[in-house]
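A closer look at the structure
Listed below, chain by chain, are the residues.
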Amino acid sequence: AQMEPAHAAAGEGDHGEGARALLALLQRVQSGALRVLGPRDFDPKLYVDLPLAPGADRAAAEAAVAAVTTRGEMEAFLARYFARAGSDLVEADPPDFEAEPRGFLPRVASGEARAWALQVHALWKDLARRVAPSVAARPDRHTLLPLPGRVVVPGSRFREVYYWDSYWVVRGLLVSKMYDTAKDIVLNLVYLVEEYGFVLNGARSYYTNRSQPPLLSSMVLELYTATGDLGLVRRAFPSLLKEHSFWVSELHNVEIMDNHGRVHNLSRYQAMWNKPRPESATIDEELASKLNSTAAKEKLYHQIASAAESGWDFSSRWMSNSTDMTTLVTTFVIPVDLNTFICKMERDIAVFAELIGEKATAEIFSQASKARHTAIESLLWNSEMEQWLDYWLPTDGNCQGVYKWELKSQNRKIFASNFIPLWLNAHNSGLGPFLDEAKSVRVMRSLQTSGLVCPAGIATSVSNTGQQWDFPNGWAPLQHLIAEGLLNSGSTEAKEFAEDIATRWVRTNYAAYKSSGAMHEKYDVEACGKSGGGGEYKPQTGFGWSNGVLLAFLEELGWSQDKEIGCPS
Ligand SMILES: OC[C@H]1O[C@H](O[C@H]2O[C@H](CO)[C@@H](O)[C@H](O)[C@H]2O)[C@H](O)[C@@H](O)[C@@H]1O
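Residues numbered from 1 in each chain as written. Predicted model: local features only at pLDDT ≥ 70, side-chain atom pairs only at ≥ 80, totals over all residues. Heavy atoms only, no water.

1. Things to note about the overall build of the protein
- Per the secondary structure count, the protein includes 18 helices and 14 strands.
- Relative to its length of 569 residues, the protein is compact, with a C-alpha radius of gyration of 23 Å against a globular reference of 25 Å.
- Taking the principal axes of its C-alpha atoms as reference, the protein extends roughly 70 × 60 × 50 Å.
- For the protein, the proportion of its 569 residues judged to be buried stands at 61%.
- Within the protein, counting contacts between residues at least 6 apart in sequence, those at least 24 apart form 74% of the total.
- As presented, the protein carries roughly 20600 Å² of accessible surface, and 50% of it is formed by carbon and sulfur atoms.
- Taken together, the 56 basic and 68 acidic charged side chains of the protein have centroids lying 2 Å from each other. (Helix = DSSP H or I, 4+ residues; strand = E, 2+ residues; numbered from the N terminus. Rg over C-alpha atoms; globule rule 2.2 N^0.38 Å. Buried < 20%, exposed > 50% of the residue type's maximum accessible area, 1.4 Å probe, protein only. Contact = heavy atoms within 4.5 Å. Areas by Shrake-Rupley, 256 points an atom, 1.4 Å probe, with all protein chains shown as cover. Lys, Arg positive; Asp, Glu negative; His and termini not counted. Charge placed at Lys NZ, Arg CZ, Asp CG, Glu CD.)

As structure tokens, this is what we get:
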């Protein structure tokens, strides 16, 4: 596959003419709003989330937008032609929600921790929605995509379902005993695979050009483990096979030959898009204005959308110069975490195939996961640093043919993702451990001296670039993946360290909740009780994956009566 894939613009092809025309109109409204309202407090995503108002005519709105020159005219224009962003998602009132479910967090004895956990549990009611029937009836009037079941959104500006966020939402819902809501979420994602061939970044027409870190099989496994619902496994199985094909297709797969002449297959992120992201078009266009040629701009847009596919948007992890976003080279990076997730997906599919009696498929996927495991260990493991490192392909050529592995192409910079393979300890799907205990301990020691472990949790990287997936931000999914891996490594010392990380995280969430009344999308790990910042949009609250991780940590760790929940003094 070339770095500029033939299908770089294929995401467009999936929609009707009406939906495309609506998105084009909304992007004009977005740039008009920036011109008229100014950059202060401007969120470009708001405008591409606007549904057409009942009875409003798109062509008339198109004719009117160019004439808008003042704030008052813009307000009148928006009120006339559009409904409120998010109004096409209606409240769901999940029937499986109970204020205090039976058997909720049995190991949380502290009254203070328990009262707070119940408040976080109650947030599912605020975040649960259903897509309004008008969306399926008139998809040309909404950028929101129809979904069959109830949804749980991250919160604030993130008014729609997101792919990898949903894994931690499901984990939290299982703690909350909301099995039906969790199943609806999984079936919605299965539906997206049936419709598009992969799980979209999010359920909006502007997210159809890319996916996100692939965790659907993990959601199915968690639900199956909690409920024994084999029907769900059977229902999801064809979609899991389809999703796997997407991630190992020419678009994502790269062949690399190791020093012993063995050729391995690993995957990378690569969006099918080479234009500005509609939800951030004004930002992407401003960045690209630093470049001269159309070809250079298209390459940058492709790298931006591919970074969004990684879930780490944005980070010095994908930049050759960490202070210059125009140097994004996402598609040239073979990421540690993506390949960990695909290895896990292959193990999960093998387990599901066995469960439903598809012996031959079970064998194929068991072999595939072993081959990827070997590839991760051969190409990404660095024995001197005792971490796994992203591998950078040469950025001056295209990605055709087989690459020859070179040690110098491992990126020696420290990121939390360098430790994500530990997570496979927690989920060996019955196929044997990923790491032995001694190696897990060595990786733990490397993490302890990496500079990532901070007073309020694990930082995303050690570079403070102003990007949101860098220092000093800590993200709930990263804490959880690493802590779960350490907890299940078999080592008492690693278990204690995992408990320490989780304790720091729970405390910072608690302190920030007490001072702000909200759960946050990300936290600043330099000090207990601080929410995070940086990046291209204002920090958000709600927040799906933070709530899920908090509940999962409390379930896994418990919280004794005399354990302090506030920040340590
Ligand atoms: O609007 C900008 C970008 O926002 C999303 O990314 C961030 O929020 C997601 C939802 O919580 C999360 O999954 C992602 O990891 C965050 O970086 C969106 O996913 C991007 O595609 C979008 O361009």
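2. Details of the state of the cysteines
- Counted by the stated rule, this structure contains one disulfide.
- Between the sulfur atoms of C528 and its disulfide mate C567 the distance is 2.2 Å. Its S-S torsion of about -80° marks the bond between C528 and C567 as left-handed, since a negative value means left-handed. Here C528, found in the loop between β14 (523–524) and α18 (544–557), pairs with C567, found in the segment after α18; they are 39 residues apart in sequence, far enough to count as distant.
- A relative accessible area of 25% places C528 in the partly exposed class.
- Between C454, a free cysteine, and C528, which holds the nearest cysteine sulfur, the sulfur-to-sulfur gap is 13 Å. (Disulfide = S-S within 2.5 Å.)

3. Let's talk about the packing of aromatic side chains
- Within the structure shown, the criterion is met by 30 aromatic pairs.
- Geometrically, the ring pair formed by W505 and Y523 is edge-to-face, given 5.2 Å between the ring centres and 80° between the ring planes. Remark: Y523 occurs in strand β14 and W505 occurs in helix α17 (residues 492–516); sequence separation between them is 18 residues.
- Take W505: its relative accessible area is 0%, and that puts it in the buried class.
- Of note, K439 hangs over the ring of W381, and the distance from its end group to the ring centre comes to 3.8 Å. (Phe/Tyr/Trp six-rings, centres within 6.5 Å; stacked < 30°, edge-to-face > 60°. Lys NZ or Arg CZ within 6 Å of the ring centre and 35° of its normal.)

4. Description of the site of the ligand
- In the region of the ligand, 21 residues are neighbours, and D165, N201, E279, G311 and D313 sit closest.
- Between R157 and the ligand, the recorded distance is 2.9 Å, taken from a side-chain N or O atom to an oxygen atom.
- Measuring from an oxygen atom of the ligand, one finds a backbone N or O atom of G311 at 2.6 Å.
- Taken by itself the ligand offers 480 Å² of open surface, and the protein chains cover 100% of this. (Near = heavy atom within 4 Å. Polar contact = N/O pair within 3.5 Å; in protein donor to acceptor, adjacent residues only side chain to side chain.)

5. Side note on the pairing of strand β2 (residues 128–131)
- For strand β1 (residues 89–91) and β2, the ladder comprises three bridges, and the chain directions are antiparallel. Its bridge partner being in β2, L89 is matched across the sheet by V131.
- Relative to strand β3 (residues 151–152), β2 runs antiparallel, the two sharing two bridges. Within the sheet, the bridge partner assigned to R129 lies in β3 and is V151. (Pairing = 2+ DSSP bridges.)

6. Points about helix α9 (residues 216–227)
- Taking 1.5 Å of rise per residue, 12 residues should cover 16 Å, and α9 covers 17 Å from first to last C-alpha, within 8% of that figure.
- When α9 is considered as a whole, its buried residues turn out to be L216, S217, S218, M219, V220, L221, E222 and L223.
- Those residues of α9 hidden inside the fold are in contact with α7 (163–175), α8 (179–196), α10 (230–248) and α13 (336–355).
- Just downstream of α9 lies G228, where phi reads positive at about 70°. (Expected span 1.5 Å × (residues − 1).)

7. Quick notes on the pairing of strand β4 (residues 253–257)
- Where β4 and strand β5 (residues 263–267) come together, five bridges link them in antiparallel fashion. Across the sheet, the residue bridging to E255 is N265, located in β5.
- Taking the residues between adjacent antiparallel strands as the criterion, β4 and β5 are bridged by five residues, where G261 takes a positive phi near 85°.

8. Quick notes on the sheet that holds β3
- Across the sheet, which stays open at both edges, the three strands sit in the order β1-β2-β3 with antiparallel pairing between neighbours. Edge positions in the open sheet fall to β1 and β3, since each of these has one partner strand only.
- Against the sheet, helix α5 (residues 111–127) engages β2 and β3, with an angle of about 20° to β2. (Axes fitted to C-alpha atoms, helices over the stretch in contact; angles between N-to-C directions.)

9. Digging into the nonpolar core
- F77, F82, L216 and L486 are the most contacted members of the largest nonpolar core, which totals 187 residues.
- If sequence neighbours within four positions are ignored, L486 has contacts with L422, M444, L447, A494, K495, F497, A498 and I501. (Core = buried A, V, L, I, M, F, W, Y, C linked by side-chain atoms within 4.5 Å.)

10. Focus on the pattern of salt bridges
- By the definition in use, this model includes 36 salt bridges.
- A salt bridge links E521 to K522, with the shortest nitrogen-to-oxygen separation between them at 2.8 Å.
- Several salt bridges converge on common partners, so that one network encompasses K45, D49, R159, E160 and R204. (Salt bridge = Lys/Arg side-chain N within 4 Å of Asp/Glu carboxyl O.)

11. Topic: the sheet that holds β5
- Reading across the sheet, the three strands line up as β5-β4-β10 and stay open at both edges, with mixed pairing between neighbours. Looking at the sheet topology across the chains shown, the edges are occupied by β5 and β10 (402–404). Within this sheet the neighbouring strands show an average axis-to-axis angle of 40°, counted without direction.
- Bridge count for β4 against β10 is three bridges, and the pairing is parallel. Within β10, the residue paired with M257 across the bridge is K404.
- Those strands touched by helix α14 (residues 359–380) are β4 and β5, and its axis lies near 95° from that of β5.

12. Focus on the side chain of H480
- With respect to the element layout, H480 can be found in helix α16 (residues 476–487).
- For H480, the side chain forms a polar contact with the side chain of W168, separated by 3.1 Å.
- Not counting the four nearest positions on each side in its chain, H480 is found in contact with W168, R171, V549, A552, F553 and E556.

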